[in-house]
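Residue-level listing of the chains:
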Amino acid sequence: MQPVAVGWIDVLGATTTEAANPVQALEWIPTWIPGWTLDLVSVVVVLGLAWAASRLLIELLGRRIARQFRRPSLTRAFIRGIRAGVFILALLVILRIFGLKLGDIALSVTVFSAVIGVILAPIVGSVISGVFLLADQPYEIGDMVELADTGQRGFVEDITLRYTKIFTLDNTFLVIPNGTIRERDVVNYSAEDARVRESIDIVVTYESDLELARERFVQAARSVEGVIGGGPDIRVGAARYPASPVCQIAEFGDHGINLTLRYWIEEPYRMQAVRSQIQTALWDAIEDLDVEIAYPHSHLMFDDTSGQLRVSHDEGVSE
């Protein structure tokens, strides 16, 4: 049987035509099988080995990486990096199978990178921004965040080197490139403590029983489910705030006395619902009290110092 020069490259990079005994290496292959078929089979084998190797490495190193970093975003980034590194090595082996040497591969990659560098610039920028996000830790997977410019709230579902995925409270997904989200103001509601402090402004008339109104407003807020009713003071930095609701006098306004009701809630995603329930409770609390919610109004008064206004009327004029 004559040797078939198929140009198939083994793992060590030596072609079968350069092997010590090519006849023995390929004597079991029928002569009617084309050489490109062997190359295709080699590619499939390399990809299969790469997939198996990546699964094995992730299985062996995944838990150790998770224990080392204790952050889901970094853990996922390193696992993706391991998988990408294995498949890049597999790609280099495949290129060797088709006859490209390491020097040719490096030259091709350099030229290719220079040609498409402008096209990939936004992606590269997002990747660099992703690295800074993972390093700066402005938010983490599972945190509730709000985009300050749009008011959209949701939970961080995933952080990659290219984008951040947010699962909104409206049951939709936001996929924002990291290069864009780093330029926006992001409010993190659960970075340190999931408890959030909210406030409601109330204006009562000057004729209202002020102390009774403040007392009833605090009781109404405390009665709503989800509002922290008491307990140790909540520390925010160097400041400490009472955990129970408080009602303070903000200012004496033009139309009434401005009160500010402050309260803490346990679950940030319920802010709107809790606010609505508190306002309903406030309205019910003053129904039978000598307390009235003020609204903008004006009284026009005329006396001796107001001057005179001349009014004339022509009889018999019809419109």
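Residues numbered from 1 in each chain as written. Predicted model: local features only at pLDDT ≥ 70, side-chain atom pairs only at ≥ 80, totals over all residues. Heavy atoms only, no water.

Enquirer: Can you walk me through the overall build of the chain in this structure?
Expert: When helices and strands are tallied, the chain shows 8 helices and 10 strands. Here the chain holds 319 residues, and 31% of them are scored as buried. Counted over contacts in the chain with a minimum sequence separation of 6, partners at least 24 positions apart contribute 62%. Of the accessible surface of the chain, which amounts to about 21,500 Å², a share of 57% is contributed by carbon and sulfur atoms. (Helix = DSSP H or I, 4+ residues; strand = E, 2+ residues; numbered from the N terminus. Buried < 20%, exposed > 50% of the residue type's maximum accessible area, 1.4 Å probe, protein only. Contact = heavy atoms within 4.5 Å. Areas by Shrake-Rupley, 256 points an atom, 1.4 Å probe, with all protein chains shown as cover.)

Enquirer: Quick question: what am I supposed to make of the pattern of salt bridges here?
Expert: Opposite charge on two side chains permits pairing when their charged atoms draw close. Within the structure shown, the criterion is met by 3 salt bridges. Here Glu-146 ties to Arg-153 by a salt bridge, and the two come within 3.2 Å at their closest N and O atoms. Here the two residues Glu-146 and Arg-153 agree in accessibility, since each one is buried. Across the salt bridge formed by Arg-214 and Glu-211, the nearest N and O atoms sit 3.5 Å from each other. Residue Arg-214 and its partner Glu-211 are located together in helix H7 (residues 210–222), separated by 3 residues, close to a single helical turn. For Arg-214, a relative accessible area of 22% puts it in the partly exposed group. (Salt bridge = Lys/Arg side-chain N within 4 Å of Asp/Glu carboxyl O.)

Enquirer: Explanation requested: the environment of Ile-97 in the structure shown.
Expert: Positionally, Ile-97 belongs in helix H3 (residues 72–97). Given the relative accessible area of 5%, Ile-97 is considered buried. In this structure the C-alpha to C-alpha distance between Ile-97 and Val-46, which are 51 residues apart in sequence, comes to 9.9 Å.

Enquirer: It is not clear to me how the pairing of strand S1 (residues 144–147) should be interpreted in this structure. Could you clarify?
Expert: Consecutive side chains along a regular strand alternate between the two faces of the sheet. Alternating residues of S1 divide into Met-144 and Glu-146 and Val-145 and Leu-147, and every residue in both groups is buried. As paired elements, S1 and strand S2 (residues 153–159) share 3 bridges and run antiparallel to each other. Note on S2: the bridge partner recorded for Met-144 is Phe-155. As consecutive antiparallel partners, S1 and S2 are separated by 5 residues, and within that stretch Gly-151 has a phi angle of approximately 75°, a positive value. (Pairing = 2+ DSSP bridges.)

Enquirer: Sorry if this is basic, but what is going on with the pairing of strand S9 (residues 246–252) here?
Expert: Here 6 bridges tie S9 to strand S10 (residues 257–265), and the two strands are oriented antiparallel to one another. Across the sheet, residue Glu-251 finds its bridge partner in S10, namely Asn-258. If you look at the hairpin formed by S9 and S10, you'll find 4 residues sitting between the two strands.

Enquirer: Please explain the sheet that holds strand S6 (residues 196–204) as it appears in this structure.
Expert: Two pairing modes exist for strands in a sheet, parallel and antiparallel, and in both the strands are linked by backbone hydrogen bonds. With respect to topology, 3 strands assemble into an open sheet ordered S6-S10-S9, the strand pairing being antiparallel. At either end of the open sheet lies a strand with only one pairing partner, and these are S6 and S9. Averaged over neighbouring strand pairs, the angle between their axes works out to 25° when direction is ignored. (Axes fitted to C-alpha atoms, helices over the stretch in contact; angles between N-to-C directions.)

Enquirer: Explain the packing of H7 against helix H8 (residues 271–285) to me, please; I cannot follow it from the model alone.
Expert: Packed helix pairs are specified by the crossing angle of their axes together with the interaxial distance, meaning the distance between the axes. Closest axis-to-axis distance for the H7/H8 pair is 9 Å, and the angle between their directions is 140°. Judged by the inter-axis angle, H7 sits oblique to H8. For the pair H7 and H8, the sense of crossing is right-handed. Mapping the contact onto sequence places Arg-216, Phe-217, Ala-220 and Ala-221 in H7 and Ile-278, Ala-281, Leu-282 and Ala-285 in H8. A class-by-class count of the residues in the contact of H7 with H8 yields 7 nonpolar, no polar and 1 charged. (Parallel < 35°, antiparallel > 145°, perpendicular 65-115°, else oblique. Left-handed = near helix turned anticlockwise from the far one by under 90°. Nonpolar A, V, L, I, M, F, W, Y, C, P; charged D, E, K, R; others polar.)

Distances and angles like these do not, on their own, reveal function.
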